[in-house]
Amino acid sequence: MYDFIVIGAGISGALITRELSKYQGSVLLLEKENDVGNHATIANSAIVHSGHDPEPNSLKAQLCVRGNALYEVLEKELNIPLLRTGAFVLAHDKEEEATLDMLYRRSKTNKVPDVHYLSIEEARTLEPNLSDSVTKVLSLPSTKVTYPWEVALSAVENAIMNGAEFRKNQTVTSIDYKDGIFVVKVNKDECLHARFVINASGAFADQVAAMLEQEVPYKITPRRGEYFVLDRRVKGFINRTLYPVPTDKGKGVLLVPQVHGNILIGPNSVFQDSKQDITNTKDGLNYVKEEASRLAKDIPYNQVIRTFTGIRATSTYKDFYISSSKAYPQFIHVAGIDSPGLTAAPAIAEYVVNDLIKKLTPLVRKTNFNPYREKIKMFHDMTPEEKKEAFKNEPRYGRLICKCEKVTEGDVIQHIHRIIPGDTVKGVKKRARAGSGICQGGYCEVDVIKLISKELNIPLKSVNYYHQDTPILLKETKVKK
Ligand SMILES: Cc1cc2nc3c(=O)[nH]c(=O)nc-3n(C[C@H](O)[C@H](O)[C@H](O)COP(=O)(O)OP(=O)(O)OC[C@H]3O[C@@H](n4cnc5c(N)ncnc54)[C@H](O)[C@@H]3O)c2cc1C
């Protein structure tokens, strides 16, 4: 029997699990996929928003501004990447300038720090590739970018170090409540028991809630967003996030510098029925191109290395729905976590524990909670002395596997053996970046498959590409006679 079961290892569930691991009591995090963060947390714009956009007095506004500040703490404790880029919001005519003025006032109400206007000349000095049609610029210095997937991974790893349990490949299939205890069934067979259940299952939150609740107070209406990714050789084309003024469809198509040097262009915003369909569409990408041309000129589309789609868990409730269930107070909904969900996530975790759980049960802080998680240093980031030492201990640092991103065999091995191992090709890509460059794994994937097989002692044909049951090697084609 667990004190807390958290459903869903996206950034919300990951940080809630870590927050709970600060206190005495047992915590179990369940994830249906074979890794953390494989849904919205891996496919988004990666912006730690300032809080200029959400409606004042909403949970989104409150938790976005608080979350933005908490990223400064997470950077130190979890060693996550955080770029303090700042952002510009760009207007193109009188009507958009009026919206910009509204955003300025809203930023002040939401207590966004340092927000101010810039002259067009100042803005162009900082961003020479700004589109010629821009007429007015609002600057948001507290905007940052991070690598959201690594935030989720590092939070779960740190929670495990502090006693929490993580189980992957565990789909919650039913939830019952008997004699004050929740019975959570996974994979249609094993029954787990808990005093509290926290539903952080993203786009699936309404389905998971309906396993228990007669009436679910929200419905998730999935909303797709498509992107182009530019190679990191374009680093410096823009130096900060460029937003258009928002519309009723959301924050619009953006240009966003990423922590690894790439630039993202997107997303569009289209409702769809499926919670999982992440195929890119010609119409979607054409729309992204058209809209992006209002932000910057001469965007180097010849440097596109891939496209992707993310799915927002937009809910009919409009704001985040973070609340105890009316019928079963120890069942906590963390739902409708669309943008600015990754910004708000550290504050969502605080809110769930301090404002909801502590009102229902006393929590005793552990005296030995260790907030720190060490980063695995990549060979290319080491000093010459560190490289010498690392190579002496692990000669496989001497073999380059991914030429695009300068990843060595030694780096890949470290990531295969970390607390939550990279045991698929994409798992290694997300951790070590092997396959993230211009060739998108064309050269290194074979080596990565061989290394996973050897290091984890599993047959080559059992190595998955991404999800469960996605092997790449199906049979031998050249058998030695
Ligand atoms: C296109 C796009 C752009 C965005 N840009 C930004 C941005 O720049 N800044 C920002 O702040 N926010 C942004 N967001 C929002 C942000 O990405 C999300 O709010 C955040 O990732 C949500 O995290 P989550 O943990 O709530 O959900 P998810 O990451 O979706 O995680 C939910 C998890 O629950 C698991 N799960 C589901 N059902 C079950 C089950 N039955 N049993 C077990 N596990 C289950 C899933 O497998 C998944 O891993 C964007 C989102 C999108 C889609």
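Residues numbered from 1 in each chain as written. Predicted model: local features only at pLDDT ≥ 70, side-chain atom pairs only at ≥ 80, totals over all residues. Heavy atoms only, no water.

### A short note on the site of the ligand
Looking at the ligand, there are 38 residues lining it, with Ser 12, Glu 31, Thr 41, Ile 337 and Thr 343 nearest. Here Ser 12 contributes a side-chain N or O atom positioned 2.7 Å from an oxygen atom of the ligand. Between the ligand and Leu 342 there is a distance of 3.2 Å, counted from an oxygen atom to a backbone nitrogen or oxygen. Burial of the ligand by the surrounding chains reaches 97%, relative to a free accessible area of 1,000 Å². (Near = heavy atom within 4 Å. Polar contact = N/O pair within 3.5 Å; in protein donor to acceptor, adjacent residues only side chain to side chain. Areas by Shrake-Rupley, 256 points an atom, 1.4 Å probe, with all protein chains shown as cover.)

### Examining helix α11 (residues 425-432)
Within an α-helix, residues lying three or four positions from one another point in the same direction, as the helix has 3.6 residues per turn. Most of α11 sits inside the fold, with eight of its eight residues counted as buried. Listed in full, the buried residues belonging to α11 are Val 425, Lys 426, Gly 427, Val 428, Lys 429, Lys 430, Arg 431 and Ala 432. On its buried face, α11 sits against α5 (148-161), β18 (304-312), β22 (407-408), α10 (409-416) and α12 (445-456). Positive backbone phi, approximately 75°, marks Arg 433, located one or two places after α11. (Buried < 20%, exposed > 50% of the residue type's maximum accessible area, 1.4 Å probe, protein only. Helix = DSSP H or I, 4+ residues; strand = E, 2+ residues; numbered from the N terminus. Contact = heavy atoms within 4.5 Å.)

### Quick look at the nonpolar core
In this structure, Ile 322, Val 334 and Ile 348 are the most contacted members of the largest nonpolar core, which totals 52 residues. The set of elements that each furnish at least two residues to this core consists of β1 (2-7), α1 (11-20), β2 (27-30), α2 (59-78), α5, β12 (190-199), β20 (331-335) and α8 (341-356). Counting residues per element, this core draws most heavily on α8, at ten residues. Ignoring any residue separated from it by four or fewer positions in sequence, one finds Ile 322 in contact with Leu 59, Leu 63, His 333, Val 334, Ile 337, Ile 348, Tyr 351, Val 352 and Leu 356. The next biggest cluster of nonpolar side chains, apart from the first, holds 25 residues, and it includes Phe 182, Val 186, Phe 204 and Leu 212. (Core = buried A, V, L, I, M, F, W, Y, C linked by side-chain atoms within 4.5 Å.)

### Focus: the side chain of Glu 405
Within the fold, Glu 405 resides in the loop between β21 (400-402) and β22. At 3.0 Å, the side chain of Glu 405 and the side chain of Arg 433 are in polar contact. In contact with Glu 405, not counting residues within four places along its chain, are Arg 232, His 380, Arg 433, Ser 436 and Gly 437.

### Observations regarding the sheet that holds strand β4 (residues 82-83)
If you trace the three strands from one edge of the open sheet to the other, you get β3-β8-β4, paired in antiparallel fashion. Where the open sheet ends on each side, the last strands, each with one partner, are β3 (47-48) and β4. (Pairing = 2+ DSSP bridges.)

### Some details on the domain arrangement of the protein chain
Looking at the protein chain, the domain boundaries give domain 1 (1-81 + 145-220 + 313-375), domain 2 (87-141 + 223-311) and domain 3 (381-462). Placing the centre of domain 1 and that of domain 3 at their C-alpha centroids yields a distance of 30 Å. Overall, the association of domain 1 and domain 3 removes approximately 970 Å² of surface from exposure, summing both partners, and the carbon and sulfur fraction of that is 53%. The three residues of domain 1 that bury the most area against domain 3 are Asp 35, Glu 157 and Lys 168, which together make up 39% of that side's buried surface. Among the ionic pairs, Asp 35 bridges to Lys 430, the shortest N-O distance being 3.4 Å. Here the side of domain 1 that touches domain 3 is built from residues that sort into nine nonpolar, two polar and four charged. (Domains from an automatic or database assignment. Buried area = accessible area lost by both parts, 1.4 Å probe. Salt bridge = Lys/Arg side-chain N within 4 Å of Asp/Glu carboxyl O. Nonpolar A, V, L, I, M, F, W, Y, C, P; charged D, E, K, R; others polar.)

### Digging into the state of the cysteines
The final tally for this structure, using the stated rule, is zero disulfides. This cysteine, Cys 404, is not joined by any disulfide, and Cys 439 carries the nearest cysteine sulfur, 3.8 Å off. The class for Cys 439 is partly exposed, based on a relative accessible area of 26%. (Disulfide = S-S within 2.5 Å.)

### Examining unusual backbone geometry
Geometrically, the link from Gly 266 to Pro 267 is a cis peptide bond, its omega value of -5° lying close to zero. By the element assignment, Pro 267 lies in the loop between β16 (263-266) and β17 (270-271). That bond from Ser 339 to Pro 340 is cis: its omega, 5°, falls within 30 degrees of zero. Positive phi values are uncommon outside glycine, yet Asn 169 reaches one of about 55°. Along the chain, Asn 169 turns up in the loop between β9 (165-167) and β10 (172-178). You will see that Asn 187, though not glycine, has its phi angle at about 50°, which is positive. Here Asn 187 is to be found in the loop between β11 (181-186) and β12. Judged by relative accessible area, Asn 187 falls into the partly exposed class, the value being 34%.

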